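Commentary on secondary and tertiary structure
Chain by chain, the residues:
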Amino acid sequence: MRKTFLLLFCTILGMFVNAQKMPVSYDFGEKYKDRYRYSNLVAIEEDDSGGYILVRSYYQGLILKPKGYLIEKYNSDLQLVSEYNYKLKGLDFVNGFLKNGQLHLLFLNYNPLKGEYEYWAHSSPTIAFNFKEKKLLSIASAEVSDPVGKNYYNRDFSRGFTTAILFNEDKTGFVISTHHKKGKSNKHMIHMFDTALNKKFEYDFSDEIEEKNYAFENVAFSPDLQTAYIVGKAYFKKRRFRVDERKFQYELIKVSQYGSQTQSFVDPGKYPEALYPVVNKGKLICVGFYSDRKDNRYNGIAYFDVAPNSLTIQSQIYNPFSQQFMDDKFGREEDKDIKNLVFKGVEVTDEQEIFFNAEEYFVTSGLETTGAGQRIKIERYHHNDIVSVKLDANGNMEWARNINKTEVTQGDGAYASYSSYCKNGNTYFFICTAAENPQLINNERLIFKQGFSRNRNMFMISLDQNGVMDYEKIIDQQEARLPLMVSKPLKDEMDDKMLFYAKRGGRKQLVKVDFK
């Protein structure tokens, strides 16, 4: 009896010791066969019936080419209900979203007969798929290579035509920027749409580009969608620069059907970078990073409180990175740089606290030899360290933490990078790695490395309200036999859950993570 009691006690104690400490549970959907081995996830949304809709562009042929879009419908139990194959080729996909029971796929197409670029929306109800086409706008131009190509650090304005489409954080609307240059003609237009594809206004921005070219990066909208606040880099055209000057500056542009206003962020010895606009409860905030010199090696967090009507800067704060942050990233080494940070998410609490995170992202290229002896150029996309920051309601930095991570991919970036979720003042990060545990460096720094196994463990990293870090492996690779597209989840903040798509070759499934 005593032995039985002791065994039971040890078993219960072991359960508590090994109990999952992260406040989540997870469910696996059934594995399904999939005929499209080569595809990219372009949209994942919740439908009006509590189920889910996923859209994938798929590729076929000896030389892989896009052939169409597979639309999958799942119910709330993660069961595949139906599939619809929208066969479509020859158009360049730019974005997709689901609103009010309508699935919208946005494309950019070049019409050689008319000599113009055309933005098209292909829309269908999700109850019974029946796509209708609608032309959103057209721009006369000669055809150029990669007109929508996005480069975070260098923009090429010499091609004759460039365009960008920007959504706000909540996807309530979007702007399309088109810049066409031919000879002495230099036209830059801004078009504003809601997500029912109604044009709210268009504005001729051409007068503002006499001295500068604009590369727009992020956007926020007024609640009535009548005003757009766009942040971008303004590149000077004909100005001489000192050695310590940058050839561009960050600017905030307020655009409506009635006109535009511009506010530049210029301070001696301070260089704002990667600014992000936030409209919340009547306030307009721009947050981002800054450098003490002209390159993109960051020294801290920049905060600007801007008047929504006049764009006057009411207050500004430069928060240098703390020693704790530098120890997170570099240990005790000196003379190291933080650079190439790209925004991944911004959350504003009811108390007006701001949580945001970014990722160290850059692209490298090299030559590889094929089996036929040819040398081809290969681009590699690096998704490295995560930076997470908390600002109080006045813009003062409460903490900044660095999560060490190294990932590189040549193919689908959905399997790399990370996703995040904020709940009750805590921030949670999801990353996938083949490593069983993070590597401990100098007994003080954790680093998550990519690993080489085909399967992936899912780790969850938490930062509490004081920036204290913890982590746990929540899904083992033996359980998750298919790799998860960790950077393209569906976040359902109403029901506190996240949905991930898992796929490899001819097998696929859904994985749901619920917050307790």
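Residues numbered from 1 in each chain as written. Predicted model: local features only at pLDDT ≥ 70, side-chain atom pairs only at ≥ 80, totals over all residues. Heavy atoms only, no water.

The subject of this paragraph is the overall build of the protein. Scanning the protein for helices and strands turns up two helices and 38 strands. In the protein, 50% of the contacts between residues at least 6 apart in sequence involve partners at least 24 apart. Summing over all exposed atoms, the protein offers an accessible surface of approximately 25300 Å²; the carbon and sulfur share of this is 48%. (Helix = DSSP H or I, 4+ residues; strand = E, 2+ residues; numbered from the N terminus. Contact = heavy atoms within 4.5 Å. Areas by Shrake-Rupley, 256 points an atom, 1.4 Å probe, with all protein chains shown as cover.)

Mapped onto the secondary structure, His-179 falls in strand β12 (residues 173–182). Beyond its immediate stretch of four places on either side in the chain, His-179 contacts Phe-157, Gly-160, Phe-161, Thr-162, Asn-186, Lys-187, His-188, Ile-209 and Asn-213.

A word on the pattern of salt bridges. Taken as a whole and judged by the stated rule, the model has 24 salt bridges. The partner of Glu-116 in a salt bridge is Lys-135, and the shortest N-O contact between them spans 3.8 Å. Of this pair, Glu-116 sits in strand β9 (residues 116–125) while Lys-135 sits in strand β10 (residues 132–140); the two residues are 19 residues apart in sequence, bridging distant segments of the chain. Residue classification places Lys-135 among the partly exposed residues on the basis of a relative accessible area of 31%. Put simply, Asp-34, Arg-56, Glu-72, Glu-83, Lys-503 and Lys-508 are held in one network by salt bridges that share partners. (Salt bridge = Lys/Arg side-chain N within 4 Å of Asp/Glu carboxyl O. Buried < 20%, exposed > 50% of the residue type's maximum accessible area, 1.4 Å probe, protein only.)

Strand order across the open sheet formed by four strands is β3-β4-β5-β6, with antiparallel pairing between neighbours. Both outer strands of the open sheet, β3 (39–46) and β6 (80–87), are each paired with one neighbouring strand and no more. Here the average twist between neighbouring strands, direction ignored, is 20 degrees. The pairing of strand β5 (residues 65–74) with β6 spans seven bridges and is antiparallel. (Pairing = 2+ DSSP bridges. Axes fitted to C-alpha atoms, helices over the stretch in contact; angles between N-to-C directions.)

A few words on the packing of aromatic side chains. As enumerated under the stated definition, the model contains 39 aromatic pairs in all. Members of the aromatic cluster, joined through ring pairs, are Tyr-276, Phe-289, Tyr-298, Phe-343 and Phe-356. Lying over the aromatic face of Tyr-318, Lys-270 brings its terminal NZ or CZ to 5.6 Å of the ring centre. Across from the ring centre of Tyr-418, 5.2 Å away, lies the NZ or CZ of Lys-344, which sits over that ring. (Phe/Tyr/Trp six-rings, centres within 6.5 Å; stacked < 30°, edge-to-face > 60°. Lys NZ or Arg CZ within 6 Å of the ring centre and 35° of its normal.)

A few words now on the environment of Phe-429. With respect to the helices, strands and loops of the structure, Phe-429 is situated in strand β31 (residues 426–433). What makes Phe-429 buried here is its relative accessible area of 0%. Note: C-alpha distance between Phe-429 and Ile-403 (26 residues apart in sequence) is 9.7 Å. When residues no more than four places from it in sequence are discounted, the contact partners of Phe-429 are Asn-357, Ile-386, Ser-388, Ile-403, Tyr-418, Ser-419, Ser-420, Phe-459, Met-460, Ile-461 and Leu-463.

Extensive coverage of β5 is indicated by the burial of seven of its 10 residues. Two strands pair when backbone bridges link them, and strand β4 (residues 52–60) and β5 are joined in this way by nine bridges, in the antiparallel orientation. Residue Val-55 lies in a different strand from β5, and its bridge partner there is Ile-71. Between β4 and β5, which pair antiparallel in sequence order, lie four residues; one of them, Gly-61, sits at a positive phi of approximately 110 degrees. Turn length for the β5-β6 hairpin, with the two strands adjacent in sequence and antiparallel, is five residues, and the turn residue Leu-78 shows positive phi of about 70 degrees.

What follows deals with the nonpolar core. Formed by 23 residues in total, the largest nonpolar core has its most connected members in Val-287, Phe-289, Phe-356 and Leu-391. Mapped by element, the contributors of at least two residues to this core are β19 (271–280), β20 (283–291), β22 (300–306), β25 (341–348), β26 (354–369), β27 (375–391) and β28 (397–406). The residues contacting Val-287, other than those within four sequence positions of it, are Ala-274, Leu-275, Tyr-276, Ala-302, Tyr-303, Phe-343, Ile-354, Phe-356 and Leu-391. (Core = buried A, V, L, I, M, F, W, Y, C linked by side-chain atoms within 4.5 Å.)

Another aspect to go through is the pairing of β3. Two strands pair when backbone bridges link them, and β3 and β4 are joined in this way by seven bridges, in the antiparallel orientation. When the bridges of β4 are listed, Ser-39 appears paired with Tyr-58. The turn joining β3 and β4, which pair antiparallel and follow one another in sequence, is formed by five residues; a positive phi near 90 degrees is taken by Gly-50.

Once that is clear, we can look at the side chain of Ser-141. Topologically, Ser-141 is positioned in the loop between β10 and β11 (161–167). A relative accessible area of 8% places Ser-141 in the buried class. Leaving out residues up to four positions away in the same chain, Ser-141 has contacts with Tyr-110, Gly-115, Glu-116, Tyr-117, Phe-161 and His-180.

Turning to a positive patch on the surface, a few remarks are in order. A contiguous patch of positive charge on the surface is contributed by Lys-31, Lys-33, Arg-481 and Arg-507. The exposure class assigned to Lys-31 is partly exposed, which follows from its relative accessible area of 31%. (Patch = residues over 30% accessible without salt bridge, like charges linked within 9 Å, V, L, I, M, F, W, Y side chains within 5 Å. Lys, Arg positive; Asp, Glu negative; His and termini not counted. Charge placed at Lys NZ, Arg CZ, Asp CG, Glu CD.)

Before going further, it helps to spend a moment on the confidence of the model for the protein. When pLDDT drops low, the exact placement of atoms in the prediction is not to be read closely. Overall, the prediction assigns the protein a mean pLDDT of 85, with 88% of residues at 70 or greater. Taken element by element, the predicted model of the protein shows its lowest mean pLDDT in helix α1 (residues 2–17) (41) and its highest in strand β2 (residues 32–33) (96). Overall, residues 1–18 carries pLDDT values under 50, and its contacts beyond four positions in sequence, including any with other chains, amount to zero contacts. (pLDDT = per-residue confidence, 0-100.)

Pairing in this open sheet of four strands is antiparallel, and the strands run β11-β12-β13-β14 from one edge to the other. Across the chains shown, the open sheet's two edge strands, defined by having one partner strand only, are β11 and β14 (199–204). Neighbouring strand axes in the sheet, compared pairwise and without regard to direction, differ in orientation by 15 degrees on average. Pairing between strand β13 (residues 185–194) and β14: five bridges, direction antiparallel. Across the sheet, residue Phe-193 finds its bridge partner in β14, namely Lys-199.

What follows covers unusual backbone geometry. Look at Asn-100: it is not a glycine, yet its phi comes out positive at around 50 degrees. Secondary-structure assignment places Asn-100 in the loop between β7 (92–99) and β8 (102–111). When its relative accessible area of 74% is taken as the criterion, Asn-100 is described as exposed. A positive phi angle, close to 60 degrees, is found at Leu-225, a residue other than glycine. With respect to the helices, strands and loops of the structure, Leu-225 is situated in the loop between β15 (212–221) and β16 (228–236).

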